[in-house]
Amino acid sequence: MFLALLVSALVVATVLIGLFVFGLRRRLIQRSGGTFDCSLRWNVPDGDLPPRAAGVPPTGKGWVYGVARYSGDRVAWFRVFSYAPRPRRVLERSGIEVLARRMPEGEEELALLSDSVVLGCLHHGRPLELAMSEDALTGFLAWLEAAPPGQRVNVA
């Protein structure tokens, strides 16, 4: 009986410590400011790339919920459900080319936050999609267009 209580207490303590570290990581990411909620789909299925066949809704697969943080000429993207202290992806302003902007369709509506707008992009020639709120999108596009003189930025 004592052993069962001890094991149960250790499991509960481990879960609580894990949740605390998880929340602490998020606070540390957001502490420096310039953060916004941003889902990312790095491996975009071929059928979901712009331009898609008319009437074919995109799949909801591949979306990962995260937090993005502006850092000079880069956006660091962190997975929300992770303990990693480093960003999972880093997007350079000079390498981003915006292809399309659309509302989530079909299965995507279940995979993304309710007020999300999907931005189809290329990052150094590799397709990706970002989903963020309308306010975050306005800030992201303004950040893209505010590139220093001489940098090429493509915003559709």
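Please refer to the structure higher up on the page.
Remember, it's a predicted structure, so these values are computed and weren't measured experimentally.

Quick notes on the sheet that holds strand 4 (residues 74-79)
As summarised here, the arrangement of the four strands in space is 1-3-4-5, forming an open sheet in which the pairing is antiparallel. Edge strands, defined here as strands with exactly one partner in the open sheet, are strand 1 (35-37) and strand 5 (89-92). On average, each strand axis in the sheet is tilted by 25° relative to the strand beside it, whichever way the strands run. Where strand 3 (residues 66-71) lies against strand 4, six bridges are found, and the strand directions are antiparallel. Following the sheet pairing, Tyr-70 is matched in strand 4 by Val-75. Its contacts with the sheet put helix 1 (residues 2-31) on strand 1, strand 3 and strand 4, and the angle it makes with strand 3 is roughly 30°. Sheet strands touched by helix 3 (residues 134-145): strand 1, strand 3, strand 4 and strand 5. Its angle to strand 3, the strand with the most contacts, is close to 35°.

Section: the sheet that holds strand 6 (residues 96-102)
Taken in spatial order, the four strands line up as 2-8-7-6 in an open sheet, and their pairing is antiparallel. Edge strands, defined here as strands with exactly one partner in the open sheet, are strand 2 (39-41) and strand 6. Direction aside, neighbouring strands of the sheet carry axes that sit 25° apart on average. Strand contacts of helix 3: strand 6, strand 7 (116-123) and strand 8 (126-133), with the helix running at about 130° to strand 8, the strand carrying the most contacts.

Focus on the environment of Val-98
Within the element layout of this structure, Val-98 appears in strand 6. Owing to a relative accessible area of 6%, Val-98 belongs among the buried residues under this scheme. Placed 46 residues apart in sequence, Val-98 and Leu-144 show a C-alpha to C-alpha distance of 9.4 Å.

Topic: the packing of aromatic side chains
For the coordinates displayed, the defined rule picks out six aromatic pairs. Look at Phe-36 and Tyr-70: their rings are 5.1 Å apart centre to centre, the planes differ by 35°, and that puts the pair in the tilted class. Of this pair, Phe-36 sits in strand 1 while Tyr-70 sits in strand 3; the two residues are 34 residues apart in sequence, bridging distant segments of the chain. Given a relative accessible area of 10%, Phe-36 falls into the buried group. Grouped by ring-pair contacts, the aromatic residues Phe-36, Tyr-70, Phe-140 and Trp-143 constitute a single cluster.

Conventions used here
Residues numbered from 1 in each chain as written. Predicted model: local features only at pLDDT ≥ 70, side-chain atom pairs only at ≥ 80, totals over all residues. Heavy atoms only, no water. Pairing = 2+ DSSP bridges. Helix = DSSP H or I, 4+ residues; strand = E, 2+ residues; numbered from the N terminus. Axes fitted to C-alpha atoms, helices over the stretch in contact; angles between N-to-C directions. Contact = heavy atoms within 4.5 Å. Buried < 20%, exposed > 50% of the residue type's maximum accessible area, 1.4 Å probe, protein only. Phe/Tyr/Trp six-rings, centres within 6.5 Å; stacked < 30°, edge-to-face > 60°.

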